[in-house]
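The primary structure of each chain is shown beneath.
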Amino acid sequence: MGIPLAVLLRMGWRNLWRNYRRTLIMLAAITTGVWAMIFMSAIMRGMVDDMVQTAVGNLPGHIQIHHPEYLDDPSIANSMPPPDQALREALAHPDILKWSSRVRVPAVITSEHDTRGVTLVGIDPEAESGLSSVADAVVSGRFLHSAQDRGLIVGRKLLNNLKTRVDRRVVVMSQDPDNQIIDRGFRIVGVFEAELESTEQAFIFAGRKTVQSLLNMGDRISEVVVLGRSYRDVQALAPLEQAAGAGREVLPWYELDTYLGTMLSTMDGFVWVWIVVIFLALSFGLVNTLAMAVFERAREIGLMQALGMRPFMILSQVLLETLLLLAIGLITGNLLALLSIALTQEGIDLSMVSEGMQMMGATQVLRPALLPGDVLLADAVVIVLGLLAGLFPAWRAARQRPVTALSRS
């Protein structure tokens, strides 16, 4: 006996609400599970995004070009010529938003009270704007005017450690190409604040040409930093490697910072595990709900079989009830998750554990980051695994013998 789909849908809907308390409890469980899958995935994505964006904004960019030995020995000896015509043409690619040449060498900064080891970074202020967070992070004094600017930008934490202030002079020491110690007095013209105190202590900034003059390195540079459209997609910038030539090394951010690169790939796998584990916990309740529904309707199912309803139709009806239950739970769970993410877009304040967050490289304000792929993944897992969970009760219902089912009291 064939039954139209509309009739099966109507029967499935009515069967769901025969025991409305049990159905509501199961719907609450599915809704909560879907909400947890999506919202917690967005929280975890947001934490990783925050760590990567903070790291990229501090200095690395999305891609860096160096001398092949620079990363092993970041000294002036491993500098390289500025970009030639071929590299400049590659850097004009539409997917490249900003790029800049820098000088970046180890140095020592000394005030009248203290001495600290730092990294001296020579920058072009105009090119650096929008590439890193330095220009927007100056909270006292001013930013550098040009690549020839003779002033110095330091972090607030370093300023406090040196027990000095804006407009005071400090001495910066480093090595020239002949490994001779060179030093020069700089006037502090600006102070920057960073999301992480370690950044405030690690870097000082001066005009690129001023640093090149100090180090007697001509027009040579330490690195070219490139900013693309998204840190998740740097493959579009692959032509840079060919244009850079054999004397330069082109590396994406996840190879420059293997910790963050590993964390990003681990998070992609963890989202899968998280979603599957949550639903496996829900599946036990789902199987129990459907099994009880089938058991309570054993006589009714036996009667339909006796009247000519085929086992396949009974299997389809139970699976259709499962699908209706999952669909309602998915809709409410998705809406609740989207609402939760919308309400927390301003960020979740984690200042109580700010030290721990800084140790991981994250800020104390956590903003959820929702990826459409995570929503589709959660929904697909719920539908597929939910139907698999409902398959056993449906199979049991279809396998009943009409005489045995009708004989039950």
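Anything mentioned here points back to the structure above.
About the cut-offs
Every chain is numbered on its own, with residues counted from 1 as its sequence reads. Restriction of local features to residues with pLDDT of at least 70 applies here, the model being predicted, together with a cutoff of 80 or more for giving and counting side-chain atom pairs; totals for whole chains, interfaces and linings are based on all residues. Side-chain measures here rest on the full set of heavy atoms in the structure, leaving out hydrogens and waters. Here a helix means four or more residues in a row that DSSP labels H or I, a strand means two or more in a row labelled E, and each is numbered from the N terminus. Only protein chains enter the accessibility calculation, which uses a 1.4 Å probe; a residue is then buried when its area is under 20% of its type maximum, exposed when over 50%, and partly exposed in between. Contacts are assigned to residue pairs that have any heavy atoms within 4.5 Å of one another. Per-residue accessibility takes into account occlusion by the displayed protein chains alone, with areas from the Shrake-Rupley method and a 1.4 Å probe. The term salt bridge refers to a side-chain nitrogen of Lys or Arg lying within 4 Å of a carboxyl oxygen of Asp or Glu. By convention, a stacked pair of Phe, Tyr or Trp rings (six-membered ring in the case of Trp) has centres within 6.5 Å and planes under 30 degrees apart, an edge-to-face pair has planes over 60 apart, and any other such pair is tilted. We call a set of buried Ala, Val, Leu, Ile, Met, Phe, Trp, Tyr and Cys residues a nonpolar core when their side-chain atoms join them within 4.5 Å. When DSSP finds at least two bridges between two strands, those strands are taken to pair. Think of a patch as exposed residues, more than 30% relative accessible area, with no salt bridge, where like charges cluster within 9 Å and nonpolar side chains (Val, Leu, Ile, Met, Phe, Trp, Tyr) cluster within 5 Å. N or O atoms within 3.5 Å of each other form a polar contact, as long as, within protein, one can give a hydrogen and the other can take it, and as long as residues adjacent in sequence are counted only when both atoms are side-chain atoms.

Novice: Could you give an account of the overall build of the chain, with specific residues and numbers?
Specialist: Scanning the chain for helices and strands turns up 16 helices and 12 strands. Across the 409 residues of the chain, 49% fall into the buried class. Within the chain, contacts between residues at least 6 apart in sequence are counted, and of these 79% link residues at least 24 apart. With an accessible surface of roughly 19900 Å², the chain has 59% of that area assigned to carbon and sulfur atoms.

Novice: Can you lay out helix α8 (residues 208–215) for me, pointing to particular residues and giving the numbers?
Specialist: Each α-helix turn comprises 3.6 residues. Residues three or four places apart therefore point the same way. The buried fraction of α8 is high, at 6 of 8 residues. Turning to α8, its buried residues number three or more, namely Arg-208, Thr-210, Val-211, Gln-212, Leu-214 and Leu-215. Residues of α8 that are buried make contact with β2 (96–110), β3 (115–123), β6 (169–175), β7 (181–192) and β8 (203–207). Remark: Asn-216 follows α8 within two positions and exhibits a positive phi of approximately 55 degrees.

Novice: Outline the pattern of salt bridges, supporting the account with residue identities and numerical values.
Specialist: Enumeration according to the criterion identifies 10 salt bridges in this entry. Salt-bridge contacts for Arg-104 lead to Glu-223; the nearest nitrogen and oxygen are separated by 3.5 Å. Here the residue Arg-104 occupies a position in strand β2, and Glu-223 occupies one in strand β9 (residues 223–228), the gap between them amounting to 119 residues. Given the relative accessible area of 0%, Glu-223 is considered buried. Note that Arg-142 is salt-bridged to Asp-149, the shortest N-O span being 2.9 Å. Residue class for Arg-142 comes out partly exposed when judged on its relative accessible area of 29%. On the basis of relative accessible area, Asp-149 is assigned to the buried category, the value being 8%. Each of Arg-102, Arg-104, Glu-128 and Glu-223 takes part in salt bridges that share partners, so that together they form one network.

Novice: Account for the packing of aromatic side chains, naming residues and giving values.
Specialist: One pass over the full model with this rule turns up 4 aromatic pairs. Here the aromatic rings of Trp-253 and Tyr-254 are separated by 5.7 Å at their centres, their planes lie at 80 degrees, and the arrangement is edge-to-face. By relative accessible area, Tyr-254 is classed as partly exposed at 30%. One aromatic cluster is present, built from ring pairs that chain together Phe-192, Phe-203 and Phe-205.

Novice: Outline the nonpolar core, supporting the account with residue identities and numerical values.
Specialist: By size, the foremost hydrophobic cluster in this structure holds 54 residues, and its most contacted members are Leu-240 and Phe-279. Every element with two or more residues in this core is listed here: α2 (20–58), β1 (63–66), α3 (85–91), β9, α9 (239–244), α11 (258–296), α13 (311–343) and α15 (372–398). By size, the runner-up hydrophobic cluster in this structure holds 24 residues, among which are Val-105, Leu-120, Leu-159 and Leu-162.

Novice: An account of the pairing of β1 is needed here, citing residue identities and associated values.
Specialist: Side chains Ile-63 and Ile-65 project from β1 onto one buried face, and the interleaved Gln-64 and His-66 project onto a second face that is buried too. Strand direction decides the pairing type here: β1 and β9, joined by 4 bridges, are antiparallel. Residue pairing in the sheet places His-66 in a bridge with Glu-223 of β9. Note that β1 and strand β10 (residues 249–252) share 4 bridges and pair antiparallel. Looking across to β10, one finds that Ile-65 is bridged to Val-250.

Novice: An account of the side chain of Ser-111 is needed here, citing residue identities and associated values.
Specialist: Inspection of the secondary structure puts Ser-111 in the loop between β2 and β3. Ser-111 has contacts with Leu-162 and Val-170, leaving out every residue within four places of it along the chain.

Novice: Quick one: what's the story with a nonpolar patch on the surface, residue by residue and with numbers?
Specialist: A surface patch of nonpolar side chains, about 400 Å² in accessible area, is lined by Phe-270, Trp-272, Val-273 and Val-277. Looking at the secondary structure, you find Trp-272 in helix α11.

Novice: Now, about the pairing of β3: what can you tell me, with residues and values included?
Specialist: Where β2 lies against β3, 8 bridges are found, and the strand directions are antiparallel. Bridge pairing in β3 links Ala-107 to Val-118. Between β2 and the antiparallel strand that follows it, β3, lie 4 residues. In the sheet, β3 pairs with β8 via 5 bridges, with the strands oriented parallel. Bridge pairing in β8 links Leu-120 to Ile-204.

Novice: Got a sec to walk through unusual backbone geometry? Specific residues and values, please.
Specialist: The backbone phi angle of Asp-167 is positive, close to 80 degrees, even though this residue is not glycine. Mapping Asp-167 onto the fold places it in the loop between α6 (156–162) and β6. The backbone of Asn-216 shows a phi angle near 55 degrees, a positive value even though the residue is not glycine.

Novice: How would you summarise the side chain of His-62 if you had to cite specific residues and measurements?
Specialist: Looking at the element boundaries, His-62 is found in the loop between α2 and β1. Given the relative accessible area of 4%, His-62 is considered buried. Separated by 2.8 Å, the side chain of His-62 and the backbone nitrogen of Gly-228 make a polar contact.

Without other data, these values stay purely geometric and don't point to any function.
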